[in-house]
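One-letter residues, chain by chain:
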Amino acid sequence: MKNGQQKNKPRQLSALFKMFIDGNPVKGAATPARFSRQDKFIRIYFIFVCGLIASLSIQVNIGIEQLLGGFFVATLLMFILYRDIMRYKPAYTKKYNMLLLLGLLLVGTLLLGRLFAYLLINLSKGLEYQALDSALYGIPIPAGAMLVSLLFDFHTAITFSFTVSLLTGLWLQDASFTVYAFVGSITAAFSVIRCKKRSGLLKGGGFVIAANVITVIIILLFRGELFTVKAPPSIMFSALCGMSVAAIVSLVLPVIEYIFKVTTDISLLELLDLNQPLMKNLMVTAPGTYHHSVIVGNLAESAAEIVGANPLLARVSAYYHDIGKIKMPDYFVENQSSSISKHEKLTPHMSSMIITNHIKEGLEFAGQFKLPEPITDIIEQHHGTMIISYFYQKAKERKENGTPAEEDYRYHGPKPQTRVAALVMMADGVEAASRVLADPTPARIASLVDRIINHIFLEGQLDECELTLKDIHEIKKRFTYILTGIFHKRVDYPGFDFGNENLYKESAKTHKGKHAENGKASQENAQSAPTPQG
């Protein structure tokens, strides 16, 4: 039995580590509203482990008292950070990979600081600087806060900066450096809030340089060392810190995105490039679906700004939500060029299977082209468990095998789990329905938007996302405004009757007659023209 238990321990540890990386809860299912006892134990255990590693990172003198004191201080700060996340960003606690990433960033920032401190002090010795402690201003502590702001959010970056700055001050036993590290970290986090390009990281590094230099000057002034030999190297190393931060974040960010499957606005913006193979394939194979997806993206992005969701994620996910239609584009009405539908030769049940299958095909394309997890989730959820009413009613009218089962004509779900997924669902339904309006006046558009969204709401498709009734009311207003602008009226062109079916025939005859008259006139002119002299 003992040998069996010893063999199982490595398996349990590897399973636990895999669980943290994959981000799934203990039993693999969706996370319950309240964490189980085992989930709480894992989180407490993780806090203690991070506290222990952090305390080892800030040790200066080896001693049991200092180690215990550092452990309790680090664990206390870790607990404060965890409770802040539980209070303001509970979604991060539902995925173990995000907790593991946050712990690694905190510990990694401290270890990186120790490494840079060793290298910079030895560099100062080689350059024979008199004030060796000036080199400590070059430690790139703000790199951790910048990464947290990019990978998590600004609020988490604030608490992270507070924790790392206090631990760094304990390590260096210098209260002024706590202020220096905190100001630099907050500036780094703030500078990349709306970072959409990787070149924006260089701009963030410039802000860190400015903040560090100003903070160092204030600290030197407070200490009465501003006009001493310590000032020039301190300012130089503080500027070097900002450069190091931009370089480190630029190198580390793509690695973290790949390993932990985290999606940032930078990677989302790259997916909007129309030269992406999947987007080019959609444009060529299913142009109607592409045009539909672009309008859905406009609607979802605009509504996301109102409800406080990520507008860029809404647009990108709308662009890719129907990529499964690439496989069989002619079976979807927006891509049909002829008046005869291919569904006329199929049974309603077969037609519904083809329609619902575009979700499965979309997920396969997403896996093949390695689309981020949030976009893959929206591809799967953007129809929820809605019923395909057209083919269901058609099957009921046939009455060949009795009343058809609704389950055979429903999408497999799940229902939208996030606000962005719900926005894409509503925008998709509203845009598709707006195409059947014969006379799209503002009143009719508003009525259509209201009916479609109310139908989605009454079907219970919005039960598992975080939209409120106020949000839904604002979404309706925004959808109506945008669709009214799209289906705007145009004045008639003078001399043209575009409603006349014989317009093109008459126009062709007129042009033919004019060409004949012009040819005859040119021939007469050529005969009457004088012959040029040689």
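Every value quoted in this text rests on a predicted model; they were computed, and no experiment measured them.

Analysis parameters
- Every chain's residues receive numbers from 1 upward, in the order its sequence appears when written.
- Only residues with pLDDT of 70 or above have their local features reported here, since the model is predicted, and side-chain atom pairs are shown and tallied only from 80 upward, although totals for entire chains, interfaces and linings are computed over all residues.
- Based on all heavy atoms of the structure, the side-chain values leave hydrogens and waters out of the count.
- Note on conventions: DSSP H or I runs of at least 4 residues are helices, E runs of at least 2 residues are strands, and numbering of each starts at the N terminus.
- Classification of residues uses two cut-offs on accessible area relative to the type maximum, computed with a 1.4 Å probe and protein chains only: under 20% is buried, over 50% is exposed, and between them is partly exposed.
- In what follows, a contact means two residues having at least one pair of non-hydrogen atoms within 4.5 Å.
- Helices are assigned an expected span. That span is 1.5 Å times one less than the residue count.
- Definitions used for this entry: grid spacing 1 Å over protein atoms alone; cavity, a set of points where a 1.4 Å probe fits but cannot get out; pocket, an open set with protein on both sides within 12 Å along at least 5 of 7 lines; lining residue, one with an atom within 4 Å of a point.
- Grid points are joined across faces, edges and corners, and a volume is the space filled by probe spheres set on the points.
- Residue polarity is assigned by list, with Asp, Glu, Lys and Arg as charged and Ala, Val, Leu, Ile, Met, Phe, Trp, Tyr, Cys and Pro as nonpolar; anything else, Gly included, falls into the polar class.
- Convention adopted: a line fitted to C-alpha atoms gives each axis, helices being fitted over their contacting stretch, and angles between N-to-C directions are expressed from 0 to 180 degrees.
- Note on convention: the crossing is left-handed when the near helix lies turned anticlockwise from the far helix by less than a right angle, right-handed when the turn is clockwise.
- Confidence scores per residue from the predictor, reported as pLDDT, run from 0 to 100.
- Residues grouped as a nonpolar core are buried Ala, Val, Leu, Ile, Met, Phe, Trp, Tyr and Cys residues, joined through side-chain atoms within 4.5 Å.
- Centres within 6.5 Å are what make two rings of Phe, Tyr or Trp a pair, Trp counting through its six-membered ring; a difference in plane orientation under 30 degrees is then read as stacked, over 60 as edge-to-face, and the rest as tilted.
- The criterion is that NZ of a Lys, or CZ of an Arg, lies within 6 Å of the ring centre and within 35 degrees of the ring normal, and then a charge sits over that ring.
- We call two directions roughly parallel when the angle between them is under 35 degrees, roughly antiparallel when it is over 145, roughly perpendicular when it lies between 65 and 115, and oblique otherwise.

Colleague: Any chance you could explain the overall build of the protein chain here in plain terms?
Modeller: Within the protein chain one finds 20 helices and zero strands. In the protein chain, which comprises 534 residues, the share counted as buried stands at 44%. Sequence separation of 24 or more characterises 74% of the internal contacts of the protein chain that already satisfy a separation of 6 or more.

Colleague: Explanation requested: helix α8 (residues 200-223) in the structure shown.
Modeller: Because an α-helix packs 3.6 residues into every turn, residues spaced three or four apart end up facing the same way. Taking 1.5 Å of rise per residue, 24 residues should cover 34 Å, and α8 covers 35 Å from first to last C-alpha, within 8% of that figure. Those residues of α8 that sit buried are Leu201, Gly204, Gly205, Val208, Ala211, Asn212, Val213, Thr215, Val216, Ile219 and Leu220. Buried residues in α8 make contact with α5 (142-151), α7 (175-191) and α9 (231-260). Looking one or two places after α8, you find Gly224, whose phi comes out positive at around 75 degrees.

Colleague: So what exactly am I meant to see when it comes to the layout of surface pockets here?
Modeller: Any space left empty among the atoms is revealed by the rolling of a water-sized probe across them. Considered as a void within the structure, the second largest pocket measures approximately 1300 Å³ in volume. In terms of lining, the second largest pocket is formed by 36 residues, of which the most central are Val333, Ile388, Tyr390, Ala432 and Ala433. Elements represented by at least two residues in the lining of the second largest pocket include exactly α12 (287-307), α14 (348-368), α16 (389-398), α17 (419-434) and α18 (442-458). Along the lines of polarity and charge, the residues of the lining of the second largest pocket split into 16 nonpolar, twelve polar and eight charged.

Colleague: What's the story with unusual backbone geometry in this structure? I'm lost.
Modeller: Across the chain, the bulk of peptide bonds are trans and the bulk of non-glycine residues have phi less than zero. The omega torsion of the bond from Gly413 to Pro414 falls at 5 degrees, within 30 degrees of zero and hence cis. A positive phi angle, near 55 degrees, is found at Gln173, a position not held by glycine. Residue position: Gln173 is located in the loop between α6 (154-172) and α7. Classification of Gln173 by relative accessible area gives exposed; the value is 62%.

Colleague: What should I look at first to understand the environment of Leu462 in this one?
Modeller: Looking at the element boundaries, Leu462 is found in the loop between α18 and α19 (469-486). Sequence-distant contacts of Leu462, that is, excluding residues within four places in its chain, are made with Ala422, Met426, Ile456, Phe457 and Ile472.

Colleague: Explanation requested: the packing of helix α4 (residues 96-126) against α9 in the structure shown.
Modeller: Working note: a packed helix pair is described by the angle between its axes plus the distance between those axes. Packing of α4 against α9 leaves a shortest axis separation of 12 Å and a crossing angle of 145 degrees. The two elements α4 and α9 cross, and the hand of that crossing is right-handed. Contact residues: Asn97, Leu100, Leu101, Leu104, Leu105, Leu112, Phe116, Leu120, Leu123 and Ser124 in α4; Phe237, Leu240, Ser244, Ile248, Ile256 and Phe260 in α9. Counted by class, the contact of α4 with α9 contains 13 nonpolar, three polar and no charged residues.

Colleague: I would appreciate a short explanation of empty space enclosed by the protein in the present structure.
Modeller: Following the criterion strictly, the structure yields two cavities of 30 Å³ or more and no others. Approximately 140 Å³ is the volume found for the largest cavity. What lines the largest cavity is Arg43, Phe46, Ile47, Cys50, Met78, Leu81, Tyr82, Ile85, Leu99, Leu102, Gly103 and Leu106. Across the lining of the largest cavity, the residue classes break down as ten nonpolar, one polar and one charged. The calculated volume of the second largest cavity comes to roughly 40 Å³. As for the second largest cavity, its lining consists of Gly324, Lys327, Met328, Phe332, Ile354, Asn357, His358 and Glu361. A class-by-class count of the residues in the lining of the second largest cavity yields three nonpolar, three polar and two charged.

Colleague: Explanation requested: the confidence of the model for the protein chain in the structure shown.
Modeller: Low pLDDT means the predicted coordinates in that region are not meant to be read closely. Model confidence for the protein chain is summarised by a mean pLDDT of 85, while 84% of its residues fall at 70 or above. Scored below 50 in pLDDT, residues 19-33 shows 28 contacts in the model against residues more than four places distant or in partner chains. Between residues 503-512, whose pLDDT stays under 50, and residues either more than four places distant or in other chains, the model counts three contacts.

Colleague: Please clarify how the nonpolar core should be interpreted in this entry.
Modeller: Residues Tyr320, Leu371, Ile375, Met426, Ile475 and Phe479 are the most contacted members of the largest nonpolar core, which totals 67 residues. Setting aside anything within four residues of it in sequence, one finds Leu371 in contact with Leu271, Leu278, Tyr320, Ile323, Ala366, Thr376 and Ile379. Ranked by size, the runner-up nonpolar core spans 66 residues in total, among them Ile85, Leu110, Ala188 and Cys195.

Colleague: Is there a simple way to explain the packing of aromatic side chains in this structure?
Modeller: Each pair of aromatic rings is reported with the distance of its centres and the angle of its planes. Going through the model one piece at a time under the given rule, you end up with ten aromatic pairs. For the ring pair Phe41 and Tyr45, a centre distance of 6.3 Å and an interplane angle of 20 degrees mean the geometry is stacked. Of the two residues, Phe41 and Tyr45 are both situated in helix α2 (residues 37-57); the distance of four residues between them amounts to about one turn of the helix. Judged by its relative accessible area of 57%, Phe41 is exposed. Exposure remark for Tyr45: the relative accessible area of 48% places this residue in the partly exposed category. Measuring from centroid to centroid gives 5.8 Å for Phe154 and Phe190, while their planes differ by 70 degrees, and the two rings are edge-to-face. Note that Phe154 is positioned in helix α6 and Phe190 in helix α7, a separation of 36 residues in sequence. Residue classification places Phe154 among the partly exposed positions, given a relative accessible area of 27%. Each residue in the set Phe48, Phe71 and Phe72 is aromatic and connected to the rest through ring pairs, giving one cluster. Directly above the aromatic system of Tyr88 lies the positively charged group of Arg87, at a separation of 5.1 Å from the ring centroid.

Colleague: What is the right way to read the packing of α8 against α9 from this model?
Modeller: One can describe the packing of α8 onto α9 by two numbers: an axis separation of 8 Å at closest approach and a directional angle of 155 degrees. What the angle tells us is that α8 and α9 run roughly antiparallel. As for the relative orientation of α8 and α9, their crossing is right-handed in sense. From α8, Leu201, Leu202, Gly205, Val208, Ile209, Asn212, Val213, Val216, Ile217 and Leu220 reach across to α9, where they touch Ala231, Ser234, Ile235, Ser238, Ala239, Cys241, Gly242, Met243, Ala246, Val249, Ser250 and Leu253.

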